[in-house]
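Spelled out, the chains give:
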Amino acid sequence: MVNETLYSIIFLDNERNPIPNCYFELTINGHVITGQANNYGEVQFNRQLVESTPTEYKELNLTFWNEKFPKTEHSTTDSFVWPEGKTSIKALMPDTYIINTRSILNEDDEPQEYQRAYYLVRKGDTWSGLEAKLGINKVEALMFHNRMKYSDQLVEGTKLYYPLGFRTKKEKTEKGEKTNSSSTKQQRSQENGKPIEVASKRGGCFCYRDFTVEEIKKIIYQLRDFEPNVKRTLGYSLFSAKNCNIPNSEATYENFTKELNIAMKKYDIDTCLRKIHFLAQCYHESAHFSTSQELGSLEYLRGKSYYPYIGRGLIQLTHSGERIGEIGYKQYFEYIGKNNYKTDYSLLNRDLHFAVDASGYFWKRGKLLSAGNLLGARYPNSRGVKVNYQKTKVSTHTTIDINLVADDDNIYQVTFLINGGLNGIKERISYVNELKRAFNYEINHINK
Ligand SMILES: [Zn+2]
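What you see is a predicted model, and the numbers here were worked out from it, not measured in a lab.

The rules behind these values
- Residues numbered from 1 in each chain as written.
- Predicted model: local features only at pLDDT ≥ 70, side-chain atom pairs only at ≥ 80, totals over all residues.
- Heavy atoms only, no water.
- Helix = DSSP H or I, 4+ residues; strand = E, 2+ residues; numbered from the N terminus.
- Buried < 20%, exposed > 50% of the residue type's maximum accessible area, 1.4 Å probe, protein only.
- Contact = heavy atoms within 4.5 Å.
- Areas by Shrake-Rupley, 256 points an atom, 1.4 Å probe, with all protein chains shown as cover.
- Polar contact = N/O pair within 3.5 Å; in protein donor to acceptor, adjacent residues only side chain to side chain.
- Salt bridge = Lys/Arg side-chain N within 4 Å of Asp/Glu carboxyl O.
- Phe/Tyr/Trp six-rings, centres within 6.5 Å; stacked < 30°, edge-to-face > 60°.
- Lys NZ or Arg CZ within 6 Å of the ring centre and 35° of its normal.
- Expected span 1.5 Å × (residues − 1).
- Arc of directions from axis to C-beta.
- Axes fitted to C-alpha atoms, helices over the stretch in contact; angles between N-to-C directions.
- Parallel < 35°, antiparallel > 145°, perpendicular 65-115°, else oblique.
- Nonpolar A, V, L, I, M, F, W, Y, C, P; charged D, E, K, R; others polar.
- Pairing = 2+ DSSP bridges.
- Core = buried A, V, L, I, M, F, W, Y, C linked by side-chain atoms within 4.5 Å.
- Domains from an automatic or database assignment.
- Patch = residues over 30% accessible without salt bridge, like charges linked within 9 Å, V, L, I, M, F, W, Y side chains within 5 Å.

### Here's the deal with the overall build of the protein chain
Helix and strand counts for the protein chain stand at 16 helices and 13 strands. Scored against the burial criterion, the 448 residues of the protein chain give a buried share of 49%. The contacts in the protein chain between residues at least 6 apart in sequence include a share of 64% that link residues at least 24 apart. For the protein chain, the accessible area works out to roughly 22800 Å², and carbon and sulfur atoms hold 49% of it.

### Some points on the side chain of Arg 312
Note that Arg 312 resides in the loop between helix H9 (298–302) and helix H10 (329–335). Among the polar contacts made by the side chain of Arg 312, one reaches the side chain of Gln 293 at a distance of 3.5 Å.

### Re the pattern of salt bridges
Scanning all chains against the criterion turns up 15 salt bridges. Linking Asp 210 and Lys 265 is a salt bridge whose minimum nitrogen-to-oxygen distance equals 3.7 Å. One end of the pair, Asp 210, is in the loop between strand S11 (195–197) and helix H5 (213–226); the other, Lys 265, is in helix H7 (residues 253–266), with 55 residues separating them in the sequence.

### Re unusual backbone geometry
Of note, Asn 21 is a non-glycine position whose phi angle comes to about 55°, a positive value. Structurally, Asn 21 is set in the loop between strand S1 (6–12) and strand S2 (23–28). Positive phi, normally seen in glycine, also occurs at Asn 440, with a value near 50°. Position of Asn 440 among the secondary structure elements: in the loop between helix H15 (425–439) and helix H16 (441–444).

### Remarks on the packing of aromatic side chains
What characterises a pair of aromatic rings is the spacing of the ring centres plus the angle enclosed by the ring planes. Applying the stated criterion across every chain yields a total of 21 aromatic pairs. Judged by centre distance (5.0 Å) and plane angle (75°), the rings of Phe 256 and Phe 289 are edge-to-face. Of this pair, Phe 256 sits in helix H7 while Phe 289 is found in the loop between helix H8 (272–285) and H9, placing the two residues 33 residues apart along the sequence. Note on Phe 289: relative accessible area 2%, which makes it buried. Each member of the aromatic cluster is reached from another via a ring pair, and the members are Phe 239, Phe 256, Tyr 283, Phe 289 and Tyr 431. Of note, Lys 275 hangs over the ring of Phe 211, and the distance from its end group to the ring centre comes to 5.0 Å.

### Here we look at H5
Because an α-helix completes one turn every 3.6 residues, residues spaced three or four positions apart along the sequence face the same direction. For H5, with 14 residues, the first-to-last C-alpha span of 20 Å sits near the 20 Å given by 1.5 Å per residue. Inspection of H5 places Glu 215, Ile 216, Ile 219, Ile 220, Leu 223 and Arg 224 among the buried residues, and these make up the whole buried set. End-on, the buried residues of H5 take up no more than an arc of 170°, which puts them together on one face. Buried residues along H5 sit in contact with helix H6 (228–234), H7, H8 and H15.

### A look at the packing of H5 against H7
Between H5 and H7, whose axes approach to 9 Å, the crossing angle comes to 100°. The angle between the axes of H5 and H7 places the two elements in the roughly perpendicular class. Contact with H5, carried on its side by Val 213, Ile 216, Lys 217, Ile 220 and Tyr 221, involves Tyr 253, Glu 254, Phe 256, Thr 257 and Leu 260 of H7 and no other residues of that element. Across the contact of H5 with H7, the residue classes break down as seven nonpolar, one polar and two charged.

### Topic: helix H2 (residues 127–134)
Regarding H2, the residues found buried are Trp 127, Leu 130, Glu 131 and Leu 134. Projected down its long axis, H2 carries its buried residues within an arc of 105°, all on one side. Turned more than 90 degrees away from the buried face of H2 sit Ser 128 and Ala 132, all of them exposed. Downstream of H2 by a residue or two, Gly 135 has a phi angle that is positive, lying close to 95°.

### As for the sheet that holds strand S5 (residues 60–65)
Ordered in space as S3-S2-S5, the three strands form an open sheet in which the pairing is antiparallel. The open sheet terminates on both sides in strands that have one partner only, identified here as strand S3 (31–36) and S5. Between one strand axis and the next, the sheet turns through 15° on average, direction left out of account. Pairing of S2 with S5, which is carried by six bridges, proceeds in the antiparallel orientation. Within S5, the residue paired with Leu 26 across the bridge is Leu 62.

### Some words on the nonpolar core
Inside soluble globular proteins, nonpolar side chains tend to come together where they are buried. Ranked by size, the top nonpolar core spans 78 residues in total, and within it Trp 127, Phe 239, Phe 256, Phe 289, Trp 363 and Phe 439 carry the most contacts. When residues of this core are assigned to domains, at least three fall in each of domain 2 (101–180) and domain 3 (207–366 + 401–448). In this structure, Phe 289 is in contact with Ile 220, Arg 224, Ser 237, Leu 238, Phe 239, Phe 256, Leu 279, Cys 282, Tyr 283 and Leu 314, ignoring residues within four places of it in sequence. Among the nonpolar cores identified, the runner-up in size contains 20 residues, and Phe 24, Leu 26, Phe 45 and Ala 91 belong to it.

### Points about the environment of Asn 243
Position of Asn 243 among the secondary structure elements: in the loop between H6 and H7. Considering only alpha carbons, one finds Asn 243 and Ser 297, 54 residues apart in sequence, at a separation of 8.7 Å. In this structure Asn 243 touches Thr 291, Gln 293, Glu 294, Leu 295 and Asn 349, once residues within four positions along its chain are discounted. In this structure the side chain of Asn 243 is engaged in a polar contact, spanning 3.4 Å, whose partner is the backbone oxygen of Gln 293.

### A short note on the environment of Thr 291
As for its position among the elements, Thr 291 is in the loop between H8 and H9. Between the C-alpha atoms of Thr 291 and Asn 349, which are 58 residues apart in sequence, the distance is 7.9 Å. Residues within four places of Thr 291 in sequence aside, it is in contact with Phe 239, Ala 241, Asn 243, Cys 244, Ser 286 and Gly 313.

### Notes on a nonpolar patch on the surface
On the surface, Tyr 118, Leu 120 and Tyr 161 cluster together into a nonpolar patch covering about 250 Å² of accessible area. Of note, Tyr 161 is situated in strand S9 (residues 159–161).

### Looking at the sheet that holds strand S4 (residues 42–46)
The three strands lie next to each other as S4-S1-S6, forming an open sheet whose pairing is mixed. Looking at strand neighbours, the two that pair on one side only are S4 and strand S6 (88–92), the edges of this open sheet. Between one strand axis and the next, the sheet turns by 25° as a mean value, whatever way the strands run. With five bridges joining them, S1 and S6 adopt parallel strand pairing. What sits directly across from Leu 12, in S6, is Leu 92.

Have a look at this one:
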């Protein structure tokens, strides 16, 4: 008798509610099985049918629909392999990623009459102060909408307008924001009544709290152990590659943990899943946390069209970024209040803080896509990128906060936004999976 373990698929709509009795087609290496889910939106299959084995790779995709979500070209998921060790997976309506796009230079689309919310600049306001007060999203919105930069002075009494509709949209989350605006859970100290950070639960869920040094150590050790070849070269060292100029004395687990915690808090990389995806991509892009600069000989790098603005940071910042909104050195340097990116571009390869911070910035700020690009991007399959997309809002460019894609656990889409292609996708997938094990994600993470 063969093993008759049943695996299940649960079909979910864009609100993540099961879709009862929906119709589906499951394609396995090109062969199609059709059927209907049960009352709970669930269907079961024999394990052997869907799970890849060392000798047989099974590429799956799912098409599902019902009356409310009729079958269209967007009813099909991206191709995937059954995740190792999972007995049940959730299939999300593929064209309903809630990716919040942010519009830039969008004045033209506004109606004639409207009320606009604004922020009144107060004495002593600074951009970083506003970020702490309002959150990075609002500050970015203010900045883009008022065509201001981090290097611009804030003048008392100035009205900074929010984009149209911004306030009303935000109001819904205002309460939620209050509770997690600091990203770190706090409680009153029993000794003196002052807020203190809740002690980290060792081995617990990593949502909304800092890593301890021991935890980061354990995670990175596990990643290294996972690839013996990498471990043979690097051991458990951090940023030890020849081309990395971060001083050895700086490249400690203590400092790295500190910087990761700062950046993750600052850029809303605050849930298990967001942290897993961020670390997986950083791990790949930084050659296993060995460098903060694009690999290659000087000769090779000089041959790059974007030299000297080569990849630096953990997720590598490239290109000079002269155009408005473009992610690059110029924009990032403005963000950190510097204007010397043309002479000090190596900052991100010698200062651990900026190497990590720039990566969080890139992650949160998102890859810049033109409206045309986003709609036309045919990735990762011929059916195109499936995003809920506010066409009317975008007249020029938009960015995607990669956190929101990470929320969907979509490695392919995250990789596309980081890499622009599929480079190293196998490794990136394996790092996500290994990090899930290191986080004990399936068991510990409670906010699923
Ligand atoms: Zn969690």
